[in-house]
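Residues per chain are reported as follows:
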Amino acid sequence: MPKITIEKNLFCLPWTQTILGTHLEGKVNFMALDWLTRVNYNPPMIGICVNKMSASHSAILGTGEFSINVPSADMAALTDYTGIVSGKKVDKSKLFEVFYGELKSAPMIVNCPVTMECKLVQPVELPTNYFFIAEIMNIYTEERFLTDGKPDVKKINPFVLTMPDNRFWSIGECIGKAWHEGIAVRERLKQE
Ligand SMILES: Cc1cc2nc3c(=O)[nH]c(=O)nc-3n(C[C@H](O)[C@H](O)[C@H](O)COP(=O)(O)O)c2cc1C
């Protein structure tokens, strides 16, 4: 099959859907956020991409703190809402019940199965976005989302976003174990 090129922003990769929590001029604000990734193992760090048009980017530059909240699939509509209105014009502070850990400007959502409070380490200014590198100070969950002491994706029930079709998807079936399925391939290739 011949390969074709497509518009460069139309890559179709699933991203975990999260909600970014900040303090915007002293008031709680939330925004839908998908562009995030782990960037350092120890200390644990996360990188998030936030558009310069958003209120959230100036909130983070102002306080140096934020939260990442992982909603479950039943929170898709509320999550989406946080991504279609701006804290510059609309008060999103009452959308969720919040709690705080050790950081004063990282409001976390009680109803989200997993939340983390993050401290800014390095803002990287890019043409349209900021890439904020932050240390994860604490991660919060509840006993009911764990199996054998570890977060259980079936219980957390997160969802992902694909673009350019702009759709949310729930997580499907487990298809194998990482750092494990490749072992049989390695052994087979060794013998060839
Ligand atoms: C599903 C969804 C995902 C989004 N992901 C991001 C993202 O990763 N980064 C970003 O800068 N904006 C993202 N946005 C856009 C912001 O959430 C949106 O501009 C929001 O209104 C900004 O809110 P604020 O001005 O209160 O910060 C997303 C929007 C939606 C609906």
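Up top you'll find the structure we're talking about.
Residues numbered from 1 in each chain as written. Predicted model: local features only at pLDDT ≥ 70, side-chain atom pairs only at ≥ 80, totals over all residues. Heavy atoms only, no water.

Caption draft 1: Inspection of the environment of F159 at higher detail. Tracing the backbone through its elements, the reader meets F159 in strand β13 (residues 159-162). A relative accessible area of 2% places F159 in the buried class. Setting aside residues up to four positions removed in sequence, F159 forms contacts with W15, T16, Q17, P71, S72, A73, A76, T79, F168, W169 and S170. (Helix = DSSP H or I, 4+ residues; strand = E, 2+ residues; numbered from the N terminus. Buried < 20%, exposed > 50% of the residue type's maximum accessible area, 1.4 Å probe, protein only. Contact = heavy atoms within 4.5 Å.)

Caption draft 2: Broad picture of the nonpolar core. Judged by nonpolar contacts, the single largest core of 15 residues is most densely connected at L20, I48, V50, F66, I68 and C118. Of all the elements in the fold, those that place two or more residues in this core are β3 (27-33), β5 (45-51), β6 (65-70), β9 (114-125) and β10 (129-140). It is β10 that contributes the most residues to this core, four residues altogether. Counting seven residues, the second largest nonpolar core, distinct from the first, contains V28, F30, M75 and F96. (Core = buried A, V, L, I, M, F, W, Y, C linked by side-chain atoms within 4.5 Å.)

Caption draft 3: Representation of the sheet that holds β6 within the structure. In spatial order, the strands read β3-β2-β6-β9-β10-β5-β4; together these seven strands make up an open sheet with antiparallel pairing. On the outer flanks of this sheet lie β3 and β4 (36-40), each paired with one strand and no other. Each strand of the sheet is rotated relative to its neighbour by a mean of 35 degrees, with strand direction disregarded. Here β9 pairs with β10 via ten bridges, running antiparallel. Along β10, the bridge assignment pairs M116 with I139. Where helix α1 (residues 55-63) meets the sheet, it contacts β2 (18-24), β3, β5, β6, β9 and β10, and its direction lies at approximately 60 degrees from that of β2. (Pairing = 2+ DSSP bridges. Axes fitted to C-alpha atoms, helices over the stretch in contact; angles between N-to-C directions.)

Caption draft 4: Seen up close, the pairing of β5. Extensive coverage of β5 is indicated by the burial of five of its seven residues. Pairing geometry for β4 and β5, over four bridges, is antiparallel. For T37, the partnering residue across the bridge sits in β5 and is G47. Between β4 and β5, which pair antiparallel in sequence order, lie four residues. With seven bridges joining them, β5 and β10 adopt antiparallel strand pairing.

These values are about where atoms sit, not about what they do.
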